[in-house]
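Listed here are the chains, written in short residue letters.
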Amino acid sequence: MITLTTLDKRKIYLNPHLIEQIESVPETVLTLTNGKKILICETPQIVAQKVAKYNRSIYGPKRMKTF
């Protein structure tokens, strides 16, 4: 799980495998695989870094998938 901050400053834990799309409009909008949208304070770049760090911790640096 990764930790993110909603616009009302609540901390949430999200399974990064549920993220389908990240938009910046100007706040960051996560679209999940179930169609739900979440507005967060972190930038898309920060979210991508957190997802990459999570994936490295699970799969290791040499087993990372490239898309």
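Details of the structure are given in the entry above.
Small disclaimer: the values here were computed from a predicted structure and weren't measured.

Rules used in this analysis
- Residues numbered from 1 in each chain as written.
- Predicted model: local features only at pLDDT ≥ 70, side-chain atom pairs only at ≥ 80, totals over all residues.
- Heavy atoms only, no water.
- Pairing = 2+ DSSP bridges.
- Helix = DSSP H or I, 4+ residues; strand = E, 2+ residues; numbered from the N terminus.
- Axes fitted to C-alpha atoms, helices over the stretch in contact; angles between N-to-C directions.
- Contact = heavy atoms within 4.5 Å.
- Polar contact = N/O pair within 3.5 Å; in protein donor to acceptor, adjacent residues only side chain to side chain.
- Core = buried A, V, L, I, M, F, W, Y, C linked by side-chain atoms within 4.5 Å.
- Buried < 20%, exposed > 50% of the residue type's maximum accessible area, 1.4 Å probe, protein only.

Novice: Can you walk me through the sheet that holds strand β5 (residues 37-40) in this structure?
Specialist: Strand pairing in a sheet takes place through backbone hydrogen bonds and is either antiparallel or parallel in direction. Here 3 strands make up an open sheet; going across it, the order is β3-β4-β5 and the pairing antiparallel. Bordering the open sheet on either side are β3 (19-24) and β5, each of which pairs with just one other strand. In this sheet, adjacent strand axes meet at a mean angle of 25° when their direction is disregarded. Here strand β4 (residues 28-32) pairs with β5 via 4 bridges, running antiparallel. Looking at the pairing, Thr28 lines up with Ile40 of β5. Packed onto the sheet, helix α1 (residues 44-59) meets β3, β4 and β5 and runs at close to 150° relative to β3.

Novice: For this particular structure, what's the right way to read the side chain of Thr31?
Specialist: Looking at the secondary structure, you find Thr31 in strand β4. A polar contact is formed between the side chain of Thr31 and the side chain of Lys37, at a distance of 3.2 Å. Every residue in contact with Thr31, bar those within four places of it in the chain, is listed here: Leu18, Ile19, Glu20, Gln21, Glu23, Lys36 and Lys37.

Novice: Is there a simple way to think about the nonpolar core in this case?
Specialist: One recurring pattern in soluble globular proteins is that nonpolar side chains are buried together. Counting 12 residues, the largest nonpolar core consists of Ile2, Leu4, Ile12, Leu14, Ile19, Leu30, Leu32, Ile38, Ile40, Val47, Val51 and Tyr54. Those elements giving two or more residues to this core turn out to be β1 (2-5), β2 (11-14), β4, β5 and α1. What Ile40 contacts, discounting residues up to four positions off in sequence, is Leu4, Thr5, Thr6, Leu7, Glu27, Thr28, Leu30 and Val47.

Novice: In this structure, what is going on with the pairing of β2? I would like to understand it.
Specialist: For a regular strand, side chains alternate in direction, first toward one face of the sheet and then toward the other. Side chains Ile12 and Leu14 project from β2 onto a buried face, and the interleaved Lys11 and Tyr13 project onto a face without burial. Of the pairings in the sheet, the one linking β1 to β2 comprises 4 bridges and is antiparallel in character. By the bridge assignment for β2, Ile2 is matched with Leu14. What sits between β1 and β2 in their antiparallel hairpin is a turn of 5 residues, with Lys9 showing a positive phi close to 70°.

Purely geometric numbers; function is a separate question.
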